[in-house]
Amino acid sequence: MSDDSLNADRARCDFCRLPCPEIPVSLEYGDTTYDFCSRTCRDEMRRSDRVFTTYHGFRQINTGVSALDDHLPEGLPRNSFVLLSGEGGTRDNAIQSELVWRTLRRGEPAIVVSFTEPPISVIEQFLSLEWNVLPYLESGLLHILDCFTYRVSDRDRMFTRMDEWNQFLHRIVADATTTVRDPSDTSELQNKLDNCLESLSMSDTGVVAIDSLTEFGSLVQPVRAYDFVKDIRADICKGRFVIVFAGATFTGEEDAFPHDMAYVIDGIIDLQLDGSIIEDVLIKRVRIRKMNGVLTIPEWVAYEYTGGDGLVAFDPMEELEKAGNFVGESPEIASENRSSADSGGGSADETDVPGESGESNLDE
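Residues numbered from 1 in each chain as written. Predicted model: local features only at pLDDT ≥ 70, side-chain atom pairs only at ≥ 80, totals over all residues. Heavy atoms only, no water.

A. Structural view of the environment of Gln60. Mapped onto the elements, Gln60 comes out in strand E3 (residues 60-61). Overall, the relative accessible area of 39% leaves Gln60 in the partly exposed class. Beyond its immediate stretch of four places on either side in the chain, Gln60 contacts Glu74, Gly75, Leu76, Pro77 and Val294. (Helix = DSSP H or I, 4+ residues; strand = E, 2+ residues; numbered from the N terminus. Buried < 20%, exposed > 50% of the residue type's maximum accessible area, 1.4 Å probe, protein only. Contact = heavy atoms within 4.5 Å.)

B. Layout of the pairing of strand E6 (residues 110-114). When you tally the buried positions in E6, you get five out of five residues, the bulk of the element. Because side chains alternate across E6, one face comprises the buried residues Ala110, Val112 and Ser114, and the other comprises Ile111 and Val113, equally buried. Sheet topology note: the E6/strand E7 (residues 142-146) ladder contains five bridges and is parallel. Bridging from a neighbouring strand, Val112 pairs with Ile144 of E7. Judged from the four bridges that link them, E6 and strand E9 (residues 207-210) form a sheet pairing that is parallel. (Pairing = 2+ DSSP bridges.)

C. Representation of the environment of Cys237 in the model. Mapping Cys237 onto the fold places it in helix H11 (residues 222-240). A sequence separation of 29 residues divides Cys237 from Val208, and the C-alpha atoms of the two residues are 9.5 Å apart.

D. Fine view of unusual backbone geometry. Here Phe257 and Pro258 are connected by a cis peptide whose omega angle stands at -5°. Turning to its location among the elements, Pro258 is positioned in the loop between strand E10 (243-249) and strand E11 (267-278). Of note in the backbone geometry, Arg17 takes a positive phi value of approximately 70° without being a glycine. By the element assignment, Arg17 lies in the loop between helix H1 (3-10) and strand E1 (25-29). Positive phi is not limited to glycine here, since Phe241 has a value of about 60°. Mapping Phe241 onto the fold places it in the loop between H11 and E10. Among the residues examined, Phe241 registers a relative accessible area of 29% and is labelled partly exposed.

E. Quick peek at the side chain of Asp146. Within the secondary structure, Asp146 sits in strand E7. Residue classification places Asp146 among the buried residues on the basis of a relative accessible area of 3%. Within the local environment of Asp146, its side chain forms a polar contact with the side chain of Thr149, the two groups lying 2.3 Å apart. (Polar contact = N/O pair within 3.5 Å; in protein donor to acceptor, adjacent residues only side chain to side chain.)

F. Focus on the sheet that holds strand E12 (residues 281-291). With mixed pairing, 10 strands are arranged side by side in an open sheet as E8-E7-E6-E9-E10-E5-E11-E12-E13-E14. Two strands in the sheet have a free side with no partner beyond their single neighbour: strand E8 (177-179) and strand E14 (310-314). Neighbour to neighbour, the strand axes of the sheet diverge by 25° on average, direction disregarded. Relative to E8, E7 runs parallel, the two being bridged by three bridges. Looking across to E8, one finds that Leu145 is bridged to Thr178. Packing of helix H4 (residues 92-105) onto the sheet brings it into contact with strand E5 (81-86), E6, E7, E9, E10, E11, strand E13 (301-306) and E14, and relative to E9 it is tilted by some 165°. (Axes fitted to C-alpha atoms, helices over the stretch in contact; angles between N-to-C directions.)

G. The arrangement of the confidence of the model for the protein chain in detail. Scored by pLDDT, the protein chain comes out at a mean of 85, with 84% of its residues at no less than 70. pLDDT under 50 marks residues 1-8. Its contacts with residues more than four places away, or in other chains, come to two contacts. The low-confidence segment residues 345-364, where pLDDT is below 50, has 12 contacts with residues more than four positions distant or belonging to other chains. (pLDDT = per-residue confidence, 0-100.)

H. Region of interest: the side chain of Asp266. Turning to its location among the elements, Asp266 is positioned in the loop between E10 and E11. Under the relative-accessibility criterion, Asp266 is labelled buried at 3%. Looking at Asp266, its side chain comes within polar contact range of the side chain of Lys238, at 3.1 Å. Beyond its immediate sequence surroundings of up to four residues, Asp266 is in contact with Asn79, Ser80, Phe81, Arg233, Lys238, Lys290, Met291 and Asn292.

Next comes the structure, spelled out in structure tokens:
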């Protein structure tokens, strides 16, 4: 270890653990001398019964979604508002479900704000991916803020139309659901969201997932929509250190809400369908366009969703190579044909194939 490294270790404040850029402020206590980066830290230590053992800063987490974590080597800051900007068909709701599921599996709470689906459909999204969230609904770790069923005029009738399975889900999810009477009333929406955060003691823990800011933007005037995003970013992300993931369908208009808020949003994850990689095939791709405060690797990754595993990244060209270039053939036959072509057309075991004349076609 170099002398500079040793000096850097010795020159850390004994209270906040940050480096001391100037001559340290000292405090004698018995036979021990403590060094501080500032008088504020010295005075705080006098008033406190403990010190920081490390510099905490804005804590970073791993999302649990491998394709995202691989491109966030320093993690995702807990005070981030992240926009999932996706084209239709990219399964952005599935990605949000996985982000919530990974949060629950870490033992942290999660709130799903649903504008486009009723609570039962939100739960079915998890179950269809083989993620059983029923125990988390029962324990209260998962909560749903329902901004959809205000559209249903007769909710009792809706319940009677359900089959036995959906009635069962309805009973389970009812106790873990807060219904917003009028989602266009941003005051009511923010108050009920704040109540959910308080009831779950969400501070420096958990996530909030908003399924569609695009749908929310269709309910309110533009100014109120922009203020809502800024307010929850300030209160939830910066005030509570709780991550918000918000979905938004991209229609090609970069200057439309909420895609024009890149200047205030902390992170943007792009989801697209690309038809240029393989002819006549749309490949789902994901990219972290930006993430404030941490190193980001902004490269596209192809992905698909599978039950249990969630988002699985893959190399389209590698998969195409495995499948072979022979349309309609199995990978085994395609492999044999490639081997045959590489050897100049000869057969590995020199087996004769009779032709119309009864002679071997391979004799020519």
